[in-house]
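Notes for the structure review
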Amino acid sequence: MKKKKWIITSVILVVFCGGLYIYNRYHGGSAAAEDPASVSVPRKQNILNVNGLIIRPQTLTDGITSVGNLLPDEEVDLSFETSGKIVSINFQEGSTVRKGELLAKVNDKPLLAQLSRYEAQLKLAEDRVYRQSALLEKDAVSQEAYEQARTELAMLNADIDIVRSNIALTELHAPFDGVIGLRNVSEGAYASPSVVVAKLTKIKPLKIDLAVPERYASQIKPGTRLTFTVEGYNETFHAEVYATESKIDPNTHYFPVRAHYPNTRGRLLPGRFVSVHIRMHDIPDAIAVPTEAIVPEMGVDKVFLYKGGKAQGVAVKTGLRTDSSIQIVEGLTPGDTLITSGTLQLREGLPVKLDTIE
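Keep in mind that what you see is a predicted model, and the values were worked out from it rather than measured. (Residues numbered from 1 in each chain as written. Predicted model: local features only at pLDDT ≥ 70, side-chain atom pairs only at ≥ 80, totals over all residues. Heavy atoms only, no water.)

A count of helices and strands for the chain gives three helices and 21 strands. The buried share of the chain, taken over its 358 residues, is 32%. Taking as baseline every contact in the chain between residues at least 6 positions apart, the subset at least 24 positions apart corresponds to 75%. Accessible surface, the chain as shown: approximately 23000 Å² in total, 53% of it carbon and sulfur. (Helix = DSSP H or I, 4+ residues; strand = E, 2+ residues; numbered from the N terminus. Buried < 20%, exposed > 50% of the residue type's maximum accessible area, 1.4 Å probe, protein only. Contact = heavy atoms within 4.5 Å. Areas by Shrake-Rupley, 256 points an atom, 1.4 Å probe, with all protein chains shown as cover.)

Taken in spatial order, the three strands of this open sheet run β14-β19-β18, and their pairing is antiparallel. In the strand order of this sheet, the two ends are held by β14 (288-290) and β18 (317-321), each with one partner. Between one strand axis and the next, the sheet turns by 40° as a mean value, whatever way the strands run. Examined bridge by bridge, β18 and strand β19 (residues 325-330) share three bridges and lie antiparallel to one another. Its bridge partner being in β19, Arg-321 is matched across the sheet by Ile-326. (Pairing = 2+ DSSP bridges. Axes fitted to C-alpha atoms, helices over the stretch in contact; angles between N-to-C directions.)

At a minimum axis distance of 9 Å, the contact between helix α2 (residues 109-137) and helix α3 (residues 143-169) shows a crossing angle of 160°. In this view, α2 runs roughly antiparallel relative to α3, as classed from their interaxial angle. Classified by chirality, the crossing of α3 by α2 is left-handed. For the contact of α2 with α3, the residue count by class is 16 nonpolar, seven polar and seven charged. (Parallel < 35°, antiparallel > 145°, perpendicular 65-115°, else oblique. Left-handed = near helix turned anticlockwise from the far one by under 90°. Nonpolar A, V, L, I, M, F, W, Y, C, P; charged D, E, K, R; others polar.)

Ranked by size, the top nonpolar core spans 25 residues in total, and within it Ile-208, Val-212, Ile-220, Phe-228 and Ile-278 carry the most contacts. Residue assignment for this core shows that the elements contributing at least two residues are β2 (58-78), β9 (198-213), β10 (225-229), β11 (237-244), β12 (254-261) and β13 (273-286). When residues in this core are grouped by element, the largest group, five residues, is from β9. If you look at the next biggest cluster of nonpolar residues, it comprises 18 residues, including Phe-91, Leu-103, Ala-174 and Ala-198. (Core = buried A, V, L, I, M, F, W, Y, C linked by side-chain atoms within 4.5 Å.)

Helix length check: α2, at 29 residues, gives a terminal C-alpha distance of 43 Å against a target of 42 Å (1.5 Å per residue), a fit within 8%. Every buried residue of α2 is listed here: Leu-111, Leu-115, Tyr-118, Leu-122, Ala-125, Val-129 and Gln-132. Along its buried surface, α2 packs onto α3. Positive phi shows up at Asp-139, right after α2, with a value of about 60°. (Expected span 1.5 Å × (residues − 1).)

Take the environment of Pro-290 next. Note that Pro-290 resides in strand β14. On the basis of relative accessible area, Pro-290 is assigned to the buried category, the value being 18%. Linking Pro-290 and Leu-53, residues 237 residues apart in sequence, is a C-alpha distance of 9.4 Å. Non-local contacts of Pro-290, meaning those with residues more than four positions away in its chain, are made with Leu-53, Ser-324, Ser-325, Leu-338 and Thr-340.

Right, let's talk about the layout of surface pockets for a bit. Put simply, the largest pocket is a space of about 270 Å³. If you trace the largest pocket, you find 16 residues lining it, with Gly-63, Ile-64, Thr-65, Arg-321 and Thr-322 closest to the centre. Broken down by secondary-structure element, the contributors of at least two residues to the lining of the largest pocket are β2 and β18. Considering each element in turn, the lining of the largest pocket owes the most residues, six residues, to β2. When the residues that make up the lining of the largest pocket are grouped by side-chain class, the tally is five nonpolar, seven polar and four charged. Of the voids in this model, the second largest pocket is the one considered here, and its volume is about 160 Å³. The set of elements that each furnish at least two residues to the lining of the second largest pocket consists of β7 (178-180) and β9. When residues of the lining of the second largest pocket are assigned to their parent elements, the largest contribution, four residues, is made by β9. Partitioned by chemical class, the residues of the lining of the second largest pocket number two nonpolar, three polar and four charged. (1 Å grid on protein atoms, 1.4 Å probe; cavity = no way out; pocket = protein on both sides within 12 Å on 5 of 7 lines; lining within 4 Å. Points joined across faces, edges and corners; volume = space filled by probe spheres on them.)

So, on to the pattern of salt bridges. For the structure on display, the rule yields 12 salt bridges. Asp-177 is the partner of Arg-98 in a salt bridge, and the nearest nitrogen-oxygen pair spans 3.6 Å. One end of the pair, Arg-98, is in the loop between β4 (96-97) and β5 (102-106); the other, Asp-177, is in the loop between β6 (171-173) and β7, and 79 residues separate them in sequence. Accessibility expressed as a relative area gives 55% for Arg-98, which makes it exposed. On the basis of relative accessibility, which here comes to 33%, the residue Asp-177 falls in the partly exposed class. The shortest N-O distance in the salt bridge between Glu-119 and Arg-164 comes to 3.0 Å. You can see Glu-119 sitting in helix α2 and its partner Arg-164 sitting in helix α3, a full 45 residues away along the chain. When its relative accessible area of 37% is taken as the criterion, Glu-119 is described as partly exposed. Residue classification places Arg-164 among the partly exposed positions, given a relative accessible area of 44%. Salt bridges sharing partners connect three or more residues here, namely Lys-105, Asp-108 and Glu-171. (Salt bridge = Lys/Arg side-chain N within 4 Å of Asp/Glu carboxyl O.)

Below, the structure written as structure tokens:
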């Protein structure tokens, strides 16, 4: 009986201790959290690490960068002006040909035969006119008979000229110096004016087609020099504007321009895109900042300066823009330390630390 009471007493004691432990854990901890001594002190504001740039006057170059297209100086699809069977092809594909060189010919035998007949008749017609003229001086023939003989001679000469012109149409000549492309016909094929024999391209010089913003239209004139680069060539090429369009494109508000590149060695081929740069003028003692330093805010351009360990915002007025920098017309003075990184995190009065200064 005593053993049973001892077991019950032990169980009650264990339950009491467990309840006391749970109470102290959940209620006692709350009281400790409310203890003023246990309240944590607010952390200090974080310091942002940034890069800086000391503003110095510099020479800023105003220029135009555009994409151009290389075009041949001249290009034509070669075809015959008459129809007939091709009897000869006198060029090699991809070769250079000279102006006037005979490239191909169609059958002209019927025309040559007709020419021979007319030429045989020519001598007889000329003699007839000579005799009629001599008789007319002696009043042995009428003026009408003499005029009839002259008319027949003139008509015969006209027929001869027509046949010779038709014979010329059977020959295909190069209209200018250039490189002839791949031929589309073979000897024995029937040619007509609609059949393209080959393409002839003049690549010395080359034309460059480009367009510049309308604000530069009054400054781009024949004689304006430009440079361009081509992918795959580690050099800069020089060209010169020789013509401009008569008006600004109303849809794009760009001004079409055309330049010449000598291409004396024939290294560049038409059809390629080029990156064109036109240098307009230099602005001395200009203040320019990196593009990433500008922070647009409510329609106003701002930059942040480093002042006494904190960021200070300054409204600026911008001018010329280049690929990597922007001219500052108002708002900055030489010697200011511009913050060039972390601009999206910067706020007025935010503590900052300069990692690097340029």
